[in-house]
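Chain residues, written in single-letter form:
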Amino acid sequence: MKSVRHAFTLGMLMMMVSFASVSQDNQLTAQEQADGWKLLFDGNDLGQWRNFQRSDLSDKWVIDDNAIKLSGEGGGDILTKATYQNFELKLDWKISQAGNSGIFVRADESGKYIFSHAPEIQILDNQRHEDNKLATHLSGSLYDMIASPVESHKPAGEWNQITIRLDHSLLQIWQNGIKTAEVKIDSPRWNELVAKSKFADWQGFAQTDNGHIGLQDHGNPVWFKNIKIKELP
């Protein structure tokens, strides 16, 4: 009987821990609030987001299990209604098997596509997606410019944590606690990286001082949660 009670107690504790973990998603601690962090998604409301070059949001971007989910192809790229110049952004992402997506910074709407002028932090199923041939195309990379370390990668279906800090054009990226990129936009190194990338002839690439945060529709289901931002002086 004692072993049954022990198993029941252990099971209840595990359920409580699991519930506590879920309940903490999409929330700010008191310290985060005091430090100036703001949620870009609270688990219930998509009101801070809209589609690229539109005023509304496609119904293929939905709320699923406390996360923003692209439920299918055709949802279109989305961006924050607000723009940001110097900031620190944190979010969790999860990609479907053989999936592809991305996070954009300094996105504007003067180009044909959201990626016309916006640097991208890659989201990818590194094992299965066909765009896995180059190291700079794997998850956590500054797309086609700086490759992320292998130790920052997780398999598709697992949650990943991203931090992006853009402070007076110094761009730093961490994935799962490991720094994946650091470069100052418009520095000699940046210009060299751009010249060797697909963006070499893209007029206006990363030239805005501020812009929107963007999330990519690459045709595959992808989830985002715990999206929070702190503006820097």
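None of these values were measured; they are calculated from a predicted model.

Definitions and limits used
Residues numbered from 1 in each chain as written. Predicted model: local features only at pLDDT ≥ 70, side-chain atom pairs only at ≥ 80, totals over all residues. Heavy atoms only, no water. Helix = DSSP H or I, 4+ residues; strand = E, 2+ residues; numbered from the N terminus. Rg over C-alpha atoms; globule rule 2.2 N^0.38 Å. Buried < 20%, exposed > 50% of the residue type's maximum accessible area, 1.4 Å probe, protein only. Contact = heavy atoms within 4.5 Å. 1 Å grid on protein atoms, 1.4 Å probe; cavity = no way out; pocket = protein on both sides within 12 Å on 5 of 7 lines; lining within 4 Å. Points joined across faces, edges and corners; volume = space filled by probe spheres on them. Nonpolar A, V, L, I, M, F, W, Y, C, P; charged D, E, K, R; others polar. Arc of directions from axis to C-beta. Pairing = 2+ DSSP bridges. Axes fitted to C-alpha atoms, helices over the stretch in contact; angles between N-to-C directions. pLDDT = per-residue confidence, 0-100.

Visitor: Would you explain the overall build of the chain in this entry?
Guide: In terms of regular secondary structure, the chain is built from three helices and 13 strands. In terms of C-alpha radius of gyration, the chain reaches 19 Å, essentially the compact-globule figure of 17 Å for 233 residues. Projecting the C-alpha coordinates of the chain onto the three principal axes gives extents of approximately 75 × 35 × 35 Å. Relative to its full complement of 233 residues, the chain shows a buried share of 51%. The long-range fraction of contacts in the chain, counting pairs at least 24 apart against all pairs at least 6 apart in sequence, stands at 64%.

Visitor: What should I look at first to understand the layout of surface pockets in this one?
Guide: By rolling a water-sized probe across the atoms, one finds the places where empty space is left. Of the voids in this model, the largest pocket is the one considered here, and its volume is about 170 Å³. Along the wall of the largest pocket there are 13 residues; nearest its centre are Phe115, Glu120, Tyr143, Lys198 and Gln216. Here the lining of the largest pocket is built from residues that sort into six nonpolar, four polar and three charged.

Visitor: Looking at this model, I keep getting lost on helix H3 (residues 188–195). Mind explaining?
Guide: An α-helix turns once every 3.6 residues. As a result, residues three or four positions apart point the same way. Trp190, Leu193 and Val194 are the residues of H3 that are buried. One face of H3 carries all of its buried residues, which in axial projection span an arc of 100°. Exposed residues pointing more than 90 degrees away from the buried face of H3 are listed as Pro188 and Ala195. Looking at the buried residues of H3, the elements they touch are strand E11 (178–184).

Visitor: In this structure, what is going on with the sheet that holds strand E8 (residues 120–124)? I would like to understand it.
Guide: What holds strands together in a sheet is hydrogen bonding between their backbones, with the strands either parallel or antiparallel. As summarised here, the arrangement of the five strands in space is E2-E5-E12-E7-E8, forming an open sheet in which the pairing is antiparallel. Each edge of the open sheet carries a strand with a single partner, namely strand E2 (49–51) and E8. Ignoring strand direction, the axes of neighbouring strands in this sheet form an average angle of 20°. Judged from the three bridges that link them, strand E7 (residues 100–107) and strand E12 (residues 212–215) form a sheet pairing that is antiparallel.

Visitor: Any chance you could explain the confidence of the model for the chain here in plain terms?
Guide: Do not read the predicted coordinates in detail wherever pLDDT is low. Per-residue confidence for the chain averages 93 on the pLDDT scale, and 90% of its residues sit at or above 70. Considering only residues more than four positions removed or in separate chains, one finds that residues 15–21, a stretch of pLDDT under 50, has zero contacts.

Visitor: Please explain the side chain of serine 139 as it appears in this structure.
Guide: Mapped onto the elements, serine 139 comes out in the loop between E8 and strand E9 (160–167). Filtering out sequence-adjacent residues up to four positions away, serine 139 remains in contact with Trp93, Gln122, Ile123, Leu124, Asn126, Ser148, Ser152, His153 and Gln175.

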